[in-house]
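Survey of secondary and tertiary structure
Below are the chains, spelled out letter by letter.
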Amino acid sequence: MKSPASLKRAAEWALPYWTRGQAGRETPQDLFRVLYFGWLVAFTLKLLGSAWDVSWHFKWLRDDLAPPHLLNSAGTAIAVALTIIHGYTGYGVDKAALRLIQWGTGIFLVAVPLDLINHRVNGLDITSWSPSHIMLYLGTFFMIAGVLRGWFMGAGARPPGRERTVVLGAFFAFFLENVHFPEQHQEYGILSIGAWDNHATYAEQILLEFAAHQMGRPVDRPMMVAFSLPVPDVLYPVYAVVVGLSVLVVARLLIGRFGAATLVAGAYVGVRTLLWPLLTFTGFPPSAVPFFLVVAGLVVDLAFLVRMPYVRAVLGSVGVTAAAYGALVAQSAIMGGVYSAIKGQKGLLGAPPLATSSAVWAGLGLLVVWLSVEWLAARRRGSQPIEARVIATATP
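One structure accompanies this document, and this report is about it. (Residues numbered from 1 in each chain as written. Predicted model: local features only at pLDDT ≥ 70, side-chain atom pairs only at ≥ 80, totals over all residues. Heavy atoms only, no water.)

1. Re the overall build of the protein
When its secondary structure is counted, the protein shows 15 helices and zero strands. Split into buried and exposed, the 396 residues of the protein put 51% on the buried side. Split by element, the accessible area of the protein, about 18,000 Å² in all, is 70% carbon and sulfur. (Helix = DSSP H or I, 4+ residues; strand = E, 2+ residues; numbered from the N terminus. Buried < 20%, exposed > 50% of the residue type's maximum accessible area, 1.4 Å probe, protein only. Areas by Shrake-Rupley, 256 points an atom, 1.4 Å probe, with all protein chains shown as cover.)

2. Let's talk about the packing of helix α10 (residues 235-255) against helix α12 (residues 292-303)
The axes of two packed helices give the description: the angle between them and the distance between them. Direction vectors running N to C along α10 and α12 enclose 45°, while the axes themselves pass 10 Å from each other. Classified by the angle between their axes, α10 and α12 sit oblique to one another. Regarding α10 and α12, the two cross each other, and that crossing is right-handed. Contacts from Tyr236, Ala240, Leu245, Leu248, Val249 and Arg252 in α10 reach Phe292, Leu293, Ala296, Gly297, Val300 and Asp301 in α12. Considering only residue class, the contact of α10 with α12 consists of nine nonpolar, one polar and two charged. (Axes fitted to C-alpha atoms, helices over the stretch in contact; angles between N-to-C directions. Parallel < 35°, antiparallel > 145°, perpendicular 65-115°, else oblique. Left-handed = near helix turned anticlockwise from the far one by under 90°. Contact = heavy atoms within 4.5 Å. Nonpolar A, V, L, I, M, F, W, Y, C, P; charged D, E, K, R; others polar.)

3. Focus: the environment of leucine 207
Along the polypeptide, leucine 207 turns up in helix α8 (residues 205-215). Here the alpha-carbon distance between leucine 207 and lysine 59, two residues 148 residues apart in the chain, equals 7.1 Å.

4. Focus on the environment of arginine 99
In this structure, arginine 99 sits in helix α4 (residues 95-122). Taking relative accessible area as the criterion, arginine 99 reaches 44% and is therefore assigned partly exposed. Sequence separation between arginine 99 and glycine 146 is 47 residues; the distance between their C-alpha atoms is 7.4 Å.

5. As for a nonpolar patch on the surface
A grouping of Phe258, Leu298, Leu302 and Leu305 is seen on the molecular surface, where their side chains present a nonpolar patch of about 400 Å² in accessible area. Within the secondary structure, leucine 302 is located in helix α12. Under the relative-accessibility criterion, leucine 302 is labelled partly exposed at 43%. (Patch = residues over 30% accessible without salt bridge, like charges linked within 9 Å, V, L, I, M, F, W, Y side chains within 5 Å. Salt bridge = Lys/Arg side-chain N within 4 Å of Asp/Glu carboxyl O.)

6. As for the side chain of asparagine 72
Here asparagine 72 shows up in helix α3 (residues 67-89). Exposure remark for asparagine 72: the relative accessible area of 18% places this residue in the buried category. Within the structure, asparagine 72 has its side chain in polar contact with the side chain of lysine 46 (distance 3.3 Å). In this structure asparagine 72 touches Leu45, Lys46, Gly49, Ser50 and Phe108, once residues within four positions along its chain are discounted. (Polar contact = N/O pair within 3.5 Å; in protein donor to acceptor, adjacent residues only side chain to side chain.)

7. Overview of α10
A rise of 1.5 Å per residue sets the reference length of α10, with its 21 residues, at 30 Å; its end C-alpha atoms lie 29 Å apart and thus fit the reference within 8%. Valine 241 marks where α10 bends most, by close to 30°. Just past α10, the residue glycine 256 takes up positive phi, approximately 75°. (Expected span 1.5 Å × (residues − 1). Bend = angle between axes of the 7 residues up to and from the residue.)

8. Digging into the packing of aromatic side chains
One pass over the structure, following the stated rule, counts 17 aromatic pairs. Taking 5.3 Å as the distance between ring centres and 25° as the angle between the ring planes, the aromatic pair formed by phenylalanine 32 and tryptophan 151 counts as stacked. With a gap of 119 residues between them, phenylalanine 32 in helix α2 (residues 29-57) and tryptophan 151 in helix α5 (residues 131-155) connect regions that are remote in the sequence. Put simply, the rings of Phe32, Tyr36, Trp39, Phe43, Trp151, Phe171 and Phe174 pair up and form one aromatic cluster. The positively charged end of arginine 33 is found above the aromatic ring belonging to phenylalanine 37, 5.1 Å away from the centroid. (Phe/Tyr/Trp six-rings, centres within 6.5 Å; stacked < 30°, edge-to-face > 60°. Lys NZ or Arg CZ within 6 Å of the ring centre and 35° of its normal.)

9. Regarding the nonpolar core
Tyr36, Trp39, Phe171, Phe172 and Leu245 are the most contacted members of the largest nonpolar core, which has 80 residues in total. Sequence-distant contacts of phenylalanine 172, defined by excluding residues within four places in its chain, comprise Leu148, Val247, Val250, Ala251, Leu254, Ile255 and Val264. Judged by nonpolar contacts, the second largest core, of 16 residues, contains Val54, Trp56, Ala66 and Phe181. (Core = buried A, V, L, I, M, F, W, Y, C linked by side-chain atoms within 4.5 Å.)

10. Observations concerning the pattern of salt bridges
Pairs can form between side chains of opposite charge whenever their charged atoms are close. Inspection of the entire model under this criterion finds five salt bridges. Glutamate 163 is paired through a salt bridge with arginine 33; the nearest N and O atoms lie 3.1 Å apart. Taken together, the positions of glutamate 163 in helix α6 (residues 162-180) and arginine 33 in helix α2 put the pair 130 residues apart, joining distant regions of the chain. Note that arginine 252 is salt-bridged to aspartate 301, the shortest N-O span being 3.6 Å. One end of the pair, arginine 252, is in helix α10; the other, aspartate 301, is in helix α12, and 49 residues separate them in sequence.

Next up, the structure:
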């Protein structure tokens, strides 16, 4: 806990900056770093809270004041404070970044009471894909997009260095976590069904009875399937390829370094891997971990060895889609046989059901996004090589 003297010094440093200004205002380097390291803290709290939240809801009945919600709310409070600071002072953001942050924060804050009302009216609503939940992800999507732009443009006005690249990669990892978040429903759900089949149910009986009553049927396997995997099997791989891997494509493009996509994916998967034992050994349900994202990220990096942007998009979409689906098949087959010490169950590190025939649609969706990204990059930055364009934006 900080001493009164430390708090006084912090206040004396910060108060002179608390003046009204327009977005795009020249920002001192120390203030710029404090603002964006504040965003790192906010997103870290939100990540930890949201990761715990999914596991919590596969074990207990919903509770508005559950510890994961409180942890997530702490991150949200910091994000709201930073949004107000950016908006009032104009420091650390241009107009586009500020609008993205403000719209994202606004959508998120509107979604919170709507989600509470939804649960009061419709009951459990455990699916991550409900409209009120999607509003929460959408708000965070715009919020992180604004922060990414603010850091990219603001840090680009300073000499490039490791800090600029690492922080940019961290924000992309948070971005990937947000877009992949709803997929965790299937990642937890498939293992919950496996636990049921092995007579080791993770959910508390009161949760199972509540869900069964809401569905109007007894507590049985069909109820567990409807409870744990309420969306079509095709949704998981198609969404992961079209949305999740598009984040890695943009990350590689903006960071401009080989390995960027792999490291962003690895950072997110690494956090999920570290949280896995922390949750399971404290009695919470486990989830499948999306290791396939790292394999796909590596193929994204390899695709950028092709210098012709549109050829890269075509070849990359085919290769990345094939790698993602192949890794999912391998993950399910190999890890499905791994014996877990937790309750002696098998298949705890498997993968959600995979509709392999959907690979064509996933690849086409990724191709459309990738071509759009390459077109926008070419339009905004001219015909220089991508690495040169990124370096150019990073120097005065």
